[in-house]
Amino acid sequence: MQWANAVVQGVILGGLYALLAAGLSLMFGVMRLVNLAHGALAIVAAYLGMVLVNKTGLPPFATLLIVVPVMALVGWVLQRTLLNTALNRQSLAPILVTFGLAVIIQNLLLEIFTADNQSIDVGSLAGASIQITPDIAVGVFPLITFIVGVLVIAGLQLYLAKTTTGRAMRATSDDREAAALMGIDHRNLYALATAIAIGLVGLAGVFLGVRTQFNPTFGDVTLIFAFEAVIIGGLGSLWGTLWGGIILGVAQVVGAQAFPSSGVLLGHIVFLLVLAFRPTGLFPKVVNG
Amino acid sequence: MALLEIENIDVFYGDVQAIFDVSLSIEEGQTLAVIGANGAGKSTLLKSIAGLCTPATGEIRFNGERINDVPPHRRVPLGIALTPEGRRIFPSLTLEENLLVGAHTKRSGYWNLSTLYETFPLLADRKSRLGTNASGGEQQAAAIARALMSNPRILLLDEVSLGLAPVVVEQIYAALPAIVEQGTTVLVVEQDVNQAMKVSDRVQCLLDGRTVLEGKPSELSRERIASAFFGI
């Protein structure tokens, strides 16, 4: 029963990873851009949520109404200024630019908030849980996170598959020049994709900040877990990212059950095995309506 | 006034000059065929009109306005649509989705999904096929239909016949009268001289980036065309 519990908890944790990875997956899918500042931006959102809760007394979920639009705006501006320019240079430029951005953000956060661990207080919700069987209990907040993660992935998938703008994004991802011949301005479309992606990072960051303690350096490990979820699932595939998150979560929790203190390591090993034997991921890109 | 006027353009790819001092003019509703051998500069000419190449000198005017510096995505709303060389169908989209992307600029006009399925019956049966799985002929038909979805004033067709079986080429060219009938100006680039002569009001032959012959198909003898085409 311990093992069943570990799997359930792993799946639930995977929802958080999928939520964290959704924006990364979207940005890669639409513009082949690997955003190394992804984790750092998630931590910015966590701090933003914390400050809002502490200063204004807003309930944590209400802060999302501010954090998500603010982060989306940040994403839009980033893309219109730095990233569109970087994408027009050689392929290494976007990686270097976003890496630099991650370093700058992390140091700014250290400067403002120090290296102390922080968290966002959700009151009684933090400890609430639902008993599923006598041996398995699921935390209410992690369950909410999981559901939000699934909804975000499903929503994004639906957006790309069914809307005019989503279709234009897929077309631009296939062939940017041919898309221009259809009258599509990729710069606007990219800015919109990044706004959505970073808005979702804002959402994920607040959930992360409620779920665990964080500090400015936490962006690195966040990026790695999100990246692993995307790779395991298959680059550019959103459902793949959900499955990737779940597989990573289960590997970590079941791993910790088998070898206490080595759970995260097992997650990395699963990631490396996928990379070695299925480098395109377990669920390669199938994005169509 | 001509719908499209090109005046003495030079176009370069890096240091290599592809087009030398070429001029061209099409009246609205006319069909012009640009013919020439491989590397004559035909595709470059179309790319310059669509905005994918920028001439170093000379001027391109559409509807009387200079468009040299207008980026490609802004030329579509003006009424310029290119069916590019190699078709460039979006592989991860279905053929119908490819057509829908063609309507991005929302220019209104005769062409929409149903009129296009009428004109290209082979597309109607294959509309839910992914671009990547479509045959060459289906891709070519879809590429033309996709361009028409923007209800262009001028349709630029690049090497429609390339790599297709003669039967399929016939099928696709069979749609041309329906397009011209809507008042659309058509500029076709072809290596297949017979096909070009059949469909066009006027022919312009390029050789090594220069215009070497132009005139009405009825007034040009095969010998003159052959010598212009091959430069002999």
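First things first, this report covers the structure right here in the doc. (Residues numbered from 1 in each chain as written. Chains lettered and ligands numbered in written order. Predicted model: local features only at pLDDT ≥ 70, side-chain atom pairs only at ≥ 80, totals over all residues.)

Some details on the sheet that holds strand E3 (residues 31-35) of chain B
Residue and element names in this part refer to chain B.
Line of reasoning, step 1. Strand order in the open sheet formed by six strands is E6-E7-E8-E3-E9-E10, and the pairing between neighbours is mixed. The open sheet has two edge strands with one neighbour each: strand E6 (80-83) and strand E10 (210-215). With strand direction ignored, the average angle separating the axes of adjacent strands in the sheet is 15°.
Line of reasoning, step 2. The pairing of E3 with strand E9 (residues 202-207) spans four bridges and is classified as parallel. Residue Val34 lies in a different strand from E9, and its bridge partner there is Gln204.
Line of reasoning, step 3. The strands touched by helix H6 (residues 136-148) are E6 and strand E7 (154-158); relative to E6, the strand with the most contacts, the crossing angle is about 170°. (Pairing = 2+ DSSP bridges. Helix = DSSP H or I, 4+ residues; strand = E, 2+ residues; numbered from the N terminus. Axes fitted to C-alpha atoms, helices over the stretch in contact; angles between N-to-C directions. Contact = placed C-beta atoms within 7 Å.)

Description of unusual backbone geometry
Line of reasoning, step 1. The phi dihedral of Thr114 of chain A falls on the positive side, at around 60°, and the residue is not glycine.
Line of reasoning, step 2. For Thr114 of chain A, a count of 11 C-beta atoms within 10 Å puts it in the exposed group.
Line of reasoning, step 3. Phi is positive for Arg88 of chain B, which is not a glycine, with a value near 50°.
Line of reasoning, step 4. Of note, Arg88 of chain B is situated in the loop between E6 and helix H3 (95-102). (Buried ≥ 20, exposed ≤ 12 C-beta atoms within 10 Å, placed from the backbone.)

Focus: the sheet that holds strand E1 (residues 4-13) of chain B
Residue and element names in this part refer to chain B.
Line of reasoning, step 1. Read from one edge to the other, the open sheet built from four strands follows the order E2-E1-E4-E5, with strand pairing classed as antiparallel. With partners counted over all chains shown, the strands left at the sheet margins are strand E2 (16-26) and strand E5 (65-66), one partner each.
Line of reasoning, step 2. As judged from the five bridges shared by E1 and strand E4 (residues 57-62), these two strands associate in the antiparallel manner. Bridging across to E4, Asp10 finds its partner in Thr57.

Topic: the interface of chain B and chain A
Line of reasoning, step 1. Counting residues at the interface gives 22 residues for chain B, matched by 17 residues for chain A.
Line of reasoning, step 2. Those elements that provide at least two residues to the side of chain B that touches chain A are helix H2 (72-78) and H3 of chain B.
Line of reasoning, step 3. Among the residues forming the side of chain B that touches chain A, the class breakdown is 13 nonpolar, seven polar and two charged. (Nonpolar A, V, L, I, M, F, W, Y, C, P; charged D, E, K, R; others polar.)

Overview of helix H6 (residues 164-174) of chain A
Line of reasoning, step 1. When you tally the buried positions in H6 of chain A, you get eight out of eleven residues, the bulk of the element.
Line of reasoning, step 2. Listing the buried residues of H6 of chain A in full gives Arg167, Ala168, Met169, Arg170, Ala171, Thr172, Ser173 and Asp174 of chain A.
Line of reasoning, step 3. As for H6 of chain A, its buried residues are in contact with helix H1 (2-31), helix H5 (140-162), helix H7 (176-180) and helix H8 (186-211) of chain A together with H3 of chain B.

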